[in-house]
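This is what each chain is made of:
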Amino acid sequence: MLEVLRNLRAHPMFRAAMIVPTSIMLIFSVFNLTAPPDPARQAASFQLGIVNQDKGSIFPPIKVSEKVLEGLLGNLPFTVTHIVTTNAARDALEQGDVAAVLIFPETFTKTAMSSEQVEFEIWNSQHLTIAETALGAQLPTMLQLGMSAAVASMREALAAGRLPTAEMPVTAKIETFNKAQSGASLVAPFVMTSATWLAAMVGAIMLFLATKGVPYGASKALVRTIVPVISLGLASLALAGVVSLTIGDGSLFLPVWMTVWGAAVCIGWLINGLFAIFGMWSLIAVLPAAFYQPAIGGVQAPITAAPEWLSSIAEVLPFDQLGATYRSIILGGGSGIPVTQFVWVGLNGLVLIWLGSIFIDNMRAK
């Protein structure tokens, strides 16, 4: 094996196989973790335009829309912009000055004080940023529920002969478990998952190309077994450093390094094994597995939120377990490290590496 390594040292692909995984994890983590999105800031940046055409009531002297807004918007983290006309509101929405528009009709107070169904309008648009579009899609449900509670409370107050207040009839006592230390903490599991797969995949491609011309045998298999351990160990070391620094928690360094190293090596062995057996045809399966990680990696959304064809694959191959493991390390909770699954993936990869490097390559040589 040492002779094979000495011969490979000058091969450009071998040098890339050693360096590129570290570069991927370093660059990917630095650019994603040094400017993480903050959910609170995203919500606060959401501009809600309000057009209030409600004429109110002379007796009792009340404008229900204002009471509803007073209680409702105090519980929503949006920024409110009052707009005079619907035409101006439409222009603001088209220009992206607001992300959604709430319109109270002239008869809002009249219908709210009666037994009729109360109506209001919401305009949103999908030409805005992803965050604004997502919040805009959720806004109708949030406002409808909030206003229904407010109107019901107001009707009850009027029936009892007293003026309604802006106070909500129900308050929530909120307790958050496994609270993230920072925005980087929330993003870190996604970065770690994607970086693990990309580094393992690219490193496997480089190593396969570098060792393709090496004669079949145990030395070739041993090189394909040991090199990922070294290259991905260095890569995971760099990733652990960036993660612990950006989150600001040095105690995360060792668990992140050890876990990412173990997971990356197991995945790297599996991908190397697939290349050893099927050659570059393996990219048909490996590329989707790596690049669909945002959807099936178990970090950004539950696996059931993925398209049906992807979630059905993930039910057979539990890709989301890696993301769950990384979330557990960074944020706490979860069921710990699925050692059995990692070992199973690694052992299958080793079997494929040795089978392909000795027997399959022997058959190809003939």
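Cut-offs applied
- Counting restarts for each chain, with residues numbered from 1 along the sequence as it is written.
- Residue-level local features of this predicted model are given only where pLDDT is at least 70; pairs of side-chain atoms are given and counted only at 80 or more, and the full residue set underlies all totals for whole chains, interfaces and linings.
- Values reported for side chains reflect all heavy atoms of the structure, with hydrogen atoms and water molecules removed beforehand.
- Only runs of H or I of at least four residues qualify as helices and only runs of E of at least two qualify as strands under DSSP, and these elements are numbered from the N terminus.
- As defined in this context, the radius of gyration uses C-alpha atoms, and a globule is described by 2.2 Å times the residue total to the power 0.38.
- Contacts are assigned to residue pairs with any non-hydrogen atoms lying within 4.5 Å of each other.
- For the charge count, each Lys or Arg is scored as positive and each Asp or Glu as negative, with His and the chain ends excluded.
- Here the site of a charge means NZ on Lys, CZ on Arg, CG on Asp, or CD on Glu.
- Pairing between strands is defined by DSSP: at least two bridges between them are needed.
- Looking down the strands as they point away from you, a crossover is right-handed if its path from the first strand over the helix to the second goes clockwise.
- For this document, the term salt bridge refers to a Lys or Arg side-chain nitrogen within 4 Å of an Asp or Glu carboxyl oxygen.
- Under the scheme applied here, a residue whose accessible area is under 20% of the maximum for its type counts as buried, over 50% as exposed, and between as partly exposed, the area being computed with a 1.4 Å probe on protein chains only.
- In a helix, the anticipated span is given by 1.5 Å times the number of residues less one.
- We define a polar contact as two N or O atoms separated by no more than 3.5 Å, with the added condition that, inside protein, one atom must be a possible hydrogen donor and the other a possible acceptor, whereas residues neighbouring each other in sequence contribute only through side-chain atom pairs.
- Between N-to-C directions, angles span 0 to 180 degrees; the directions come from axes that are lines fitted to C-alpha atoms, helices contributing only their stretch in contact.
- Should an angle fall under 35 degrees it is taken as roughly parallel, and over 145 as roughly antiparallel, whereas 65 to 115 is taken as roughly perpendicular and any remaining angle as oblique.
- A crossing counts as left-handed when the near helix is turned anticlockwise from the far one by less than a right angle, and as right-handed when that turn is clockwise.
- Amino acid classes used here: Ala, Val, Leu, Ile, Met, Phe, Trp, Tyr, Cys and Pro are nonpolar; Asp, Glu, Lys and Arg are charged; the rest, including Gly, are polar.
- Like-charged residues within 9 Å of one another, or nonpolar side chains (Val, Leu, Ile, Met, Phe, Trp, Tyr) within 5 Å, are grouped into patches, provided each residue has over 30% relative accessible area and no salt bridge.
- Accessible surface is estimated by sampling points in the Shrake-Rupley manner with a 1.4 Å probe; for residues, cover comes only from the protein chains shown.
- Only buried Ala, Val, Leu, Ile, Met, Phe, Trp, Tyr and Cys residues count toward a nonpolar core, and they belong to the same one when joined by side-chain atoms within 4.5 Å.
- Only rings of Phe, Tyr and Trp enter the pairing, Trp through its six-membered ring, and a pair is recorded when the two centres are within 6.5 Å. The plane angle decides the type: under 30 degrees is stacked, over 60 is edge-to-face, the rest tilted.

1. Regarding the overall build of the protein
A tally of regular secondary structure across the protein gives 15 helices and 4 strands. For 366 residues, the compact-globule estimate of 2.2 N^0.38 gives 21 Å, and the protein exceeds it by more than 25% at 29 Å. Viewed in the frame of its principal axes, the protein has a C-alpha envelope of about 95 × 40 × 35 Å. Within the protein, residue pairs in contact and separated by at least 24 positions form 77% of the contacts whose partners lie at least 6 positions apart. Counting 19 positive and 21 negative side-chain charges, the protein places the centres of these two groups 15 Å from one another.

2. Brief notes about the pairing of strand β1 (residues 47-52)
Of the strand pairs in this sheet, β1 and strand β2 (residues 79-82) are connected by 4 bridges, and their pairing is parallel. Directly across from isoleucine 50, in β2, lies its bridge partner histidine 82. Taken together, β1, helix α4 (residues 64-72) and β2 form a β-α-β motif whose crossover is right-handed. The pairing of β1 with strand β3 (residues 100-104) spans 5 bridges and is parallel. Counterpart to asparagine 52 in the pairing with β3 is phenylalanine 104.

3. Description of the pattern of salt bridges
Evaluated as defined, the whole model comprises 1 salt bridge. The shortest N-O distance in the salt bridge between lysine 55 and glutamate 106 comes to 3.6 Å. With lysine 55 in the loop between β1 and α4 and glutamate 106 in the loop between β3 and α6 (108-112), this residue pair connects regions lying 51 residues apart in the sequence. Relative accessible area serves as the criterion here: at 46%, glutamate 106 is assigned to the partly exposed category.

4. With respect to helix α14 (residues 320-331)
Look at α14: 16 Å from first C-alpha to last across 12 residues, which is about the 16 Å you get at 1.5 Å a residue. Burial in α14 covers these residues: Leu322, Gly323, Thr325, Tyr326, Ser328, Ile329 and Ile330. In the segment just after α14, glycine 332 is the residue with positive phi, at about 90°.

5. Section: the side chain of serine 357
Mapped onto the elements of the fold, serine 357 is located in helix α15 (residues 339-365). Side-chain polar atoms of serine 357 contact the backbone oxygen of isoleucine 353, separated by 2.7 Å. Not counting residues up to four positions away in its chain, the partners in contact with serine 357 are Tyr216, Gly217, Lys220, Ala221, Arg224 and Ala276.

6. Description of the packing of helix α8 (residues 183-211) against helix α10 (residues 253-278)
Helix-helix packing: each pair is described by the crossing angle between the helix axes and the interaxial distance. The N-to-C vectors of α8 and α10 enclose an angle of 40°; their axes lie 8 Å apart at closest approach. The orientation of α8 with respect to α10, classified from their angle, is oblique. Note that α8 runs across α10; the crossing there is right-handed. In contact with Met192, Thr196, Trp197, Ala200, Met201, Ala204, Ile205, Leu207 and Phe208 of α8, α10 contributes Val256, Val260, Ala263, Ala264, Ile267, Gly268, Ile271, Asn272 and Phe275. Here the residues of the contact of α8 with α10 are counted per class, giving 15 nonpolar, 3 polar and no charged.

7. Considerations on a nonpolar patch on the surface
The grouping of Leu222, Ile226, Ile230, Leu234, Leu237 and Trp354 at the surface amounts to a nonpolar patch, some 450 Å² of accessible area in total. Of the residues forming the nonpolar patch, the biggest block, 5 residues, is contributed by helix α9 (residues 218-247). Its location among the elements puts leucine 234 in helix α9.

8. Comments concerning the nonpolar core
Core analysis: the biggest nonpolar cluster contains 59 residues, and Met192, Val243, Val256, Ile271 and Ile330 have the highest contact counts within it. No other element matches α8, which puts 18 residues into this core. Residue contacts for isoleucine 330: discarding those within four places in its chain leaves Ser185, Ala188, Pro189, Met192, Val243, Ile247, Leu252 and Val256. Formed by 25 residues, the second largest nonpolar core is a distinct cluster that contains Phe46, Leu69, Leu102 and Leu128.

9. Some details on the packing of aromatic side chains
Under the definition given, this model contains 7 aromatic pairs. With centroids separated by 5.9 Å and ring planes inclined at 45°, the aromatic side chains of phenylalanine 253 and tryptophan 257 adopt a geometry described as tilted. Placement of the pair is phenylalanine 253 and tryptophan 257 together in helix α10, with a separation of 4 residues, close to one helical turn. Residue phenylalanine 253 is classed as partly exposed on the basis of its relative accessible area of 27%.

10. Focus: α10
Here α10 spans 37 Å end to end across 26 residues, near enough to the 38 Å set by a 1.5 Å rise per residue. Immediately beyond the C-terminal end of α10, within one or two residues, lies glycine 279, with a positive phi of roughly 65°.

11. Observations concerning the side chain of serine 231
Mapped onto the secondary structure, serine 231 falls in helix α9. In contact with serine 231, other than residues within four places in its own chain, are Ala17, Met18, Pro21 and Thr22.

12. Some words on the sheet that holds strand β4 (residues 121-124)
Strands sit in the order β2-β1-β3-β4 across an open sheet of 4 strands; the sheet is mixed. With partners counted over all chains shown, the strands left at the sheet margins are β2 and β4, one partner each. Going across the sheet, the axis of each strand differs from the next one's by a mean of 25°, ignoring polarity. Packed on one face of the sheet, helix α5 (residues 86-95) meets β1, β3 and β4 and runs near 30° to β4.

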